[in-house]
Amino acid sequence: MTTKNFYTSLKQGDRGERRAEELFDHLKDRKQLLDWAKTPHYIYEHLGLDGENDYIFWNKNRSTTGLEVKTLSGASPTGYGYSTMVVEEWKDNRGTVRAGWWTATEAGHLNYIIFVNEHTNKLYWFKTVILKDYIQSKNLYKTSCRDGNVHNKGQIVKIPWECEEAGWCLTFWKNEQDEWMVNSPKENK
């Protein structure tokens, strides 16, 4: 396995954010959101938050929504697609410091996380309050981050990509005609 570090993870994150920004522009063009802006991480430091809020949306009713983008490979190094995604619950292996998205959710600044699956190019949209409560209420198996990144030291849990009980509400992807498609829990029933 290739050793990854903060900078290789940052490049992966940038790819996921570009993909998400394509989607945001599409939603804005369709008038499904008023506008969006990338949020500099430093603006939350005075609140004790470590930048787990990549974007702000202005909704049609002029309210704002905080959103984070997490990019996951979605597959093993040999190309085997994973049926679950990983979500960081703790920033440390001892389980004493909550993940940044968790604390930003508790502080009321983060409403959604989009998990970008680079293997399938799908974007899975989750409500953070429900995701946090789901992880907290379940006895999920925890493991240490083992993706080869020398800077990752936290604990993660595995959750199915489209787990409605964990807060999944939408999946977006582009079809062969380069058109955005969407799946939601309502469409699965």
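Throughout what follows, the structure given in this document is the object of discussion. (Residues numbered from 1 in each chain as written. Predicted model: local features only at pLDDT ≥ 70, side-chain atom pairs only at ≥ 80, totals over all residues. Heavy atoms only, no water.)

Digging into the overall build of the protein chain
Thinking step 1. From N to C terminus, the protein chain includes four helices and 10 strands.
Thinking step 2. In the protein chain, which comprises 189 residues, the proportion classed as buried is 42%.
Thinking step 3. Excluding contacts between residues fewer than 6 apart, the proportion of contacts in the protein chain whose partners are at least 24 apart in sequence is 58%. (Helix = DSSP H or I, 4+ residues; strand = E, 2+ residues; numbered from the N terminus. Buried < 20%, exposed > 50% of the residue type's maximum accessible area, 1.4 Å probe, protein only. Contact = heavy atoms within 4.5 Å.)

So, the packing of aromatic side chains
Thinking step 1. A full pass over the atoms with the stated rule returns 10 aromatic pairs.
Thinking step 2. Both rings, one in W36 and one in Y55, keep their centres 5.7 Å apart while their planes meet at 65°; by these two values the pair is edge-to-face. With W36 in strand 1 (residues 35–38) and Y55 in strand 2 (residues 55–58), the pair connects residues that are 19 residues apart, well separated along the chain. The pair W36 / Y55 is uniform in exposure class, with both members buried.
Thinking step 3. Residues Y112 and W125 carry aromatic rings whose centres are separated by 6.0 Å and whose planes lie at 75° to one another, so their mutual orientation is edge-to-face. (Phe/Tyr/Trp six-rings, centres within 6.5 Å; stacked < 30°, edge-to-face > 60°.)

Describing the sheet that holds strand 4 (residues 84–90)
Thinking step 1. Taken together, the three strands give an open sheet; going across it, the order is 4-8-7, and neighbouring strands pair in antiparallel fashion. In this open sheet, the two edge strands, each paired with only one partner strand, are strand 4 and strand 7 (142–144). Averaged over all pairs of adjacent strands, the angle between their axes in this sheet comes to 45°, without regard to strand direction. (Pairing = 2+ DSSP bridges. Axes fitted to C-alpha atoms, helices over the stretch in contact; angles between N-to-C directions.)

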